[in-house]
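Summary of structural features
Here's the letter readout for the chains.
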Amino acid sequence: MTSKSPFFVGRNELIDEIVVVAKKHGAVLLFGGRQSGKTTLLRRLTEVLSTKMGDTKILSSLDIPVFVDLMRLPVEATPDDFFDFLISSAAAQCKRQINGFTF
């Protein structure tokens, strides 16, 4: 599934494992110390999953990765702000990956 990247070394198998576990259990907990590469891993996972395309005229399944960087929300953000951000991020990713998608 993964492609090699000169900026992301040694974790391609981990990306494949995360996808398998997420599909099997519905969720994955990514836990690690500061600067351990969690965000880099998630960004790479998003990049890998984003390469597959869909079309509104063809019935099929498609993994749509939605990366939500909470640092982009203001400190005083409310749950409503978070969910608005999540929805807009998901819609934008669907538009990128699904030909003919409108929201």
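An account of the accompanying structure is given in this report.

1. Section: the layout of surface pockets
Any empty space left between the atoms is revealed when a probe the size of a water molecule rolls over them. Here the largest pocket defines a volume of roughly 530 Å³. Taken together, 19 residues make up the lining of the largest pocket; nearest its centre are Ile 18, Ala 22, Leu 42, Leu 45 and Leu 49. Those elements giving two or more residues to the lining of the largest pocket turn out to be helix H1 (12-25) and helix H2 (38-49). For the lining of the largest pocket, the element with the highest residue contribution is H2, accounting for 5 residues. Among the residues forming the lining of the largest pocket, the class breakdown is 14 nonpolar, 2 polar and 3 charged. There is about 240 Å³ of room inside the second largest pocket. Lining the second largest pocket are Arg 43, Thr 46, Pro 65, Val 66, Phe 67, Asp 69, Arg 72, Phe 85, Ser 89, Ala 92, Gln 93 and Arg 96. For the lining of the second largest pocket, the secondary structure elements donating two or more residues are H2 and helix H3 (79-97).

2. So, the packing of aromatic side chains
A complete count under the given rule lists 1 aromatic pair for this structure. Consider the rings of Phe 82 and Phe 83, whose centres lie 5.0 Å apart with planes at 70°: the pair is edge-to-face. Judged by relative accessible area, which is 47%, Phe 83 ranks as partly exposed.

3. So, H3
Between the first and last C-alpha of H3 there are 27 Å, a value that for 19 residues agrees with the 27 Å anticipated at 1.5 Å per step. The set of residues buried in H3 consists of Phe 85, Ser 89, Ala 91, Gln 93, Cys 94 and Gln 97. Looking at the buried residues of H3, the elements they touch are H2, strand E1 (54-55) and strand E2 (98-99).

4. Some details on the pattern of salt bridges
Going through the model one piece at a time under the given rule, you end up with 3 salt bridges. A salt bridge links Glu 47 to Arg 44, with the nearest nitrogen and oxygen atoms 2.3 Å apart. You can see Glu 47 and its partner Arg 44 sitting in helix H2, 3 residues apart, about one turn around the helix. A residue is classified by how much of its surface remains accessible, and Arg 44, at 5% relative accessible area, is buried.

What counts, and at which threshold
- Residues numbered from 1 in each chain as written.
- Predicted model: local features only at pLDDT ≥ 70, side-chain atom pairs only at ≥ 80, totals over all residues.
- Heavy atoms only, no water.
- 1 Å grid on protein atoms, 1.4 Å probe; cavity = no way out; pocket = protein on both sides within 12 Å on 5 of 7 lines; lining within 4 Å.
- Points joined across faces, edges and corners; volume = space filled by probe spheres on them.
- Helix = DSSP H or I, 4+ residues; strand = E, 2+ residues; numbered from the N terminus.
- Nonpolar A, V, L, I, M, F, W, Y, C, P; charged D, E, K, R; others polar.
- Phe/Tyr/Trp six-rings, centres within 6.5 Å; stacked < 30°, edge-to-face > 60°.
- Buried < 20%, exposed > 50% of the residue type's maximum accessible area, 1.4 Å probe, protein only.
- Expected span 1.5 Å × (residues − 1).
- Contact = heavy atoms within 4.5 Å.
- Salt bridge = Lys/Arg side-chain N within 4 Å of Asp/Glu carboxyl O.

Worth remembering: the numbers are spatial, not functional.
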